[in-house]
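Examining the three-dimensional arrangement
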Amino acid sequence: MIIENKENYSLLRDEKNDIKSFVNYLKNCIPKDFTNKNLVVDILKYGTLELEELLLFLSISNQHRKQKCSFVIVNDTIMIDRVPEELIVVPTLKEAEDVIQMEEIERDLDAF
């Protein structure tokens, strides 16, 4: 896995070409290595993904978001209208950054 630490999130990319293995790896490392960090998972390199493959991230996303942290997936080929509301999928890294900023503002407002 390739990790880039940004100002307010960590960007995670797969080094290999196996989405299922990547998801399994994330399930193990996110709870211990990325607690209290916003995450962007860049899966642009996979090109066309089936909805079933994207749904593999659902449990990770739900668990991470319960900790009041953002979990955003970047993929530009999936039909967004087919993605469940629990998953945040955007087509570009810039949009992922925007989502994280908006969610941080929402969390700050909820704290008051």
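Quick look at the structure, then.

**Structural notes on the sheet that holds strand S1 (residues 2–5)**
Spatially, five strands are ordered S1-S2-S3-S4-S5 in an open sheet, and the strand pairing comes out mixed. The open sheet has two edge strands, S1 and strand S5 (88–90), and neither has a second partner. For this sheet, the mean angle separating the axes of adjacent strands, direction not counted, is 25°.

**Re the environment of leucine 39**
Relative to the helices and strands, leucine 39 is located in strand S3 (residues 39–42). As a C-alpha pair, leucine 39 and alanine 96 span 57 residues in sequence and 9.3 Å in three-dimensional space. Apart from the residues within four sequence positions on either side, leucine 39 is in contact with Ser10, Leu12, Ile30, Phe34, His64, Ser70, Phe71, Val72 and Ile100.

**Some details on the packing of aromatic side chains**
Here the distance between the centres and the angle between the planes together describe a pair of aromatic rings. Taken as a whole and assessed by the stated rule, the structure comprises one aromatic pair. On the numbers, 6.5 Å between centres and 70° between planes, the contact of phenylalanine 22 with phenylalanine 57 is edge-to-face. With a gap of 35 residues between them, phenylalanine 22 in helix H1 (residues 19–33) and phenylalanine 57 in the loop between helix H2 (51–54) and helix H3 (58–66) connect regions that are remote in the sequence. The pair formed by phenylalanine 22 and phenylalanine 57 is uniform in burial state, with each residue classed as buried. Sitting above the plane of the tyrosine 46 ring, lysine 45 keeps its charged end 5.7 Å from the centroid.

**Some remarks on helix H4 (residues 93–110)**
Think of an α-helix as turning once every 3.6 residues; residues three or four places apart then point the same way. Helix length check: H4, at 18 residues, gives a terminal C-alpha distance of 26 Å against a target of 26 Å (1.5 Å per residue), a fit within 8%. Restricting attention to buried positions, one finds in H4 the residues Ala96, Val99, Ile100 and Glu103. Down the axis of H4, the sector holding all buried residues measures 100°, keeping them to one side. Exposed and facing more than 90 degrees away from the buried side of H4 are Lys94, Ile105 and Leu109. Residues of H4 that are buried make contact with S3, H3, strand S4 (71–74) and S5.

How each quantity is defined
- Residues numbered from 1 in each chain as written.
- Predicted model: local features only at pLDDT ≥ 70, side-chain atom pairs only at ≥ 80, totals over all residues.
- Heavy atoms only, no water.
- Pairing = 2+ DSSP bridges.
- Helix = DSSP H or I, 4+ residues; strand = E, 2+ residues; numbered from the N terminus.
- Axes fitted to C-alpha atoms, helices over the stretch in contact; angles between N-to-C directions.
- Contact = heavy atoms within 4.5 Å.
- Phe/Tyr/Trp six-rings, centres within 6.5 Å; stacked < 30°, edge-to-face > 60°.
- Buried < 20%, exposed > 50% of the residue type's maximum accessible area, 1.4 Å probe, protein only.
- Lys NZ or Arg CZ within 6 Å of the ring centre and 35° of its normal.
- Expected span 1.5 Å × (residues − 1).
- Arc of directions from axis to C-beta.

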